[in-house]
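# Architecture and fold: a report
These are the residues of each chain, in order.
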Amino acid sequence: EMFLIFHLQRPNVLPLDDAGLVNGISRAYYSGEPVSRSDVRELARAWSPYATVATWYIWRSLEAAPVMH
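Residues numbered from 1 in each chain as written. Predicted model: local features only at pLDDT ≥ 70, side-chain atom pairs only at ≥ 80, totals over all residues. Heavy atoms only, no water.

## Considering the environment of Pro 11
- Tracing the backbone shows Pro 11 in the loop between α1 (2–7) and α2 (19–29).
- When its relative accessible area of 41% is taken as the criterion, Pro 11 is described as partly exposed.
- Residues Pro 11 and Thr 55, 44 residues apart in the sequence, show an inter-C-alpha distance of 10 Å.
- If near-sequence neighbours (up to four positions away) are discounted, Pro 11 is found in contact with Pro 49, Tyr 50, Ala 51, Thr 52 and Val 53. (Helix = DSSP H or I, 4+ residues; strand = E, 2+ residues; numbered from the N terminus. Buried < 20%, exposed > 50% of the residue type's maximum accessible area, 1.4 Å probe, protein only. Contact = heavy atoms within 4.5 Å.)

What follows is the structure, given as structure tokens:
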């Protein structure tokens, strides 16, 4: 899936086994509760045909916010 996303640049890849994606969805949509693969698949149905782009945003949401001095 990472090969499809980063090398072949496919726009509609949903890496269901990616820990970052599952963790991000858990935080953003389920208040931190554990999420199953079927929960992720159901939620991501609305992201089609751009599941890759949505995955990028979920990954970015897990990054620490930049500190402004």
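## Some remarks on helix α3 (residues 37–44)
- Residues of α3 that are buried: Val 40, Leu 43 and Ala 44. Down the axis of α3, the buried set is contained in an arc of 95°. They therefore lie on one face.
- Considering only its buried residues, α3 is in contact with α2. (Arc of directions from axis to C-beta.)

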